[in-house]
Amino acid sequence: ETLDFLSLNFELRSEDGCFFYAKRTLPKMDTVPDMREFFAIESKIPPPRTVIEEVLAAFQAEKYSESLLLMDRLPCAERKSDRIRILEAAIHANGNQMIAAEAILDDLVQRNSLEPSVFFLKSVCCEQRADFQNALNHNQKALFLDPQFALALLQHARLVKRRGDFALALRKIEQAAK
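Because the structure is predicted, anything quoted here is derived from the model rather than measured. (Residues numbered from 1 in each chain as written. Predicted model: local features only at pLDDT ≥ 70, side-chain atom pairs only at ≥ 80, totals over all residues. Heavy atoms only, no water.)

### Overview of the pattern of salt bridges
Line of reasoning, step 1. Evaluation of the coordinates by the stated rule reveals 13 salt bridges.
Line of reasoning, step 2. Between E88 and R85 there is a salt bridge whose closest N-O contact spans 3.1 Å. On the criterion of helical spacing, the pair formed by E88 and R85 is a turn pair, its members being 3 residues apart in helix α5 (residues 82-94). With respect to class, E88 is no different from R85; both count as buried.
Line of reasoning, step 3. The salt bridge involving R111 is made with D107; its shortest N-O contact spans 3.4 Å. (Salt bridge = Lys/Arg side-chain N within 4 Å of Asp/Glu carboxyl O. Helix = DSSP H or I, 4+ residues; strand = E, 2+ residues; numbered from the N terminus. Buried < 20%, exposed > 50% of the residue type's maximum accessible area, 1.4 Å probe, protein only.)

Right under this line is the structure:
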């Protein structure tokens, strides 16, 4: 992050491996300002975001309704891709819209999706409606497809801890931390 967009009065400097902000030295009034510096600052303005970048930014900011509205701006072909459908299900799940999330996930499972995140999200949805056995089954499918999937390992630990298997829960947490 830089302060370039907040104020042009400061610049990022580095000295002895440390970064710090210092007040910009302004040119003396008796000299003509060097416009190259101005254009260098202008070139730091980031390019416009793509729709998917806007969706992800809203999702990361926990603005789930806004994320879903932005998804409507995606091209139809892209919107139907498994990757985008999984993102949509994750947005619904994080927004506590489990029925909508599960409908998308069920569709992906019916289309033979072998994406571990589909089964992980199914597990989260099942857990939310207190269907712990199905939550564990879906989570085990996610771990079968990707044994190092950290979120699925943590979910597995939570589910087996709920059953009272603290030793297995601890092993799963340690495995996720690796």
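### Overview of the nonpolar core
Line of reasoning, step 1. In terms of nonpolar packing, the biggest core is built from 21 residues, with L105, L108, F120, L121, A142 and A152 touching the most fellow members.
Line of reasoning, step 2. For this core, the secondary-structure elements that each account for two or more residues are α5, α6 (98-110), α7 (116-128), α8 (132-145) and α9 (150-163).
Line of reasoning, step 3. Looking at this core, the element that brings in the most residues is α7, giving 6 residues.
Line of reasoning, step 4. Excluding residues that lie within four positions of it along the chain, A142 makes contacts with P116, F119, F120, F149 and A152. (Core = buried A, V, L, I, M, F, W, Y, C linked by side-chain atoms within 4.5 Å. Contact = heavy atoms within 4.5 Å.)

### Notes on the side chain of H156
Line of reasoning, step 1. Among the structural elements, H156 can be located in helix α9.
Line of reasoning, step 2. The exposure class assigned to H156 is buried, which follows from its relative accessible area of 6%.

### Focus on α7
Helical geometry: 3.6 residues make up each α-helical turn, so side chains three or four residues apart lie on a common side.
Line of reasoning, step 1. Compared with the 18 Å implied by 1.5 Å per residue over 13 residues, the 19 Å span of α7 between its first and last C-alpha is a close match.
Line of reasoning, step 2. Most of α7 is tucked away: 12 of the 13 residues are buried.
Line of reasoning, step 3. For α7, the full list of buried residues reads P116, S117, V118, F119, F120, L121, K122, S123, V124, C125, C126 and E127.
Line of reasoning, step 4. If you follow the buried residues of α7, they end up packed against α5, α6, α8 and α9.
Line of reasoning, step 5. Note on α7: the residue one or two positions beyond its end, A130, has a positive phi of about 65 degrees. (Expected span 1.5 Å × (residues − 1).)

### Some points on the environment of K141
Line of reasoning, step 1. Tracing the sequence through the fold places K141 in helix α8.
Line of reasoning, step 2. With 21 residues separating them along the chain, K141 and F120 place their C-alpha atoms 8.1 Å apart.

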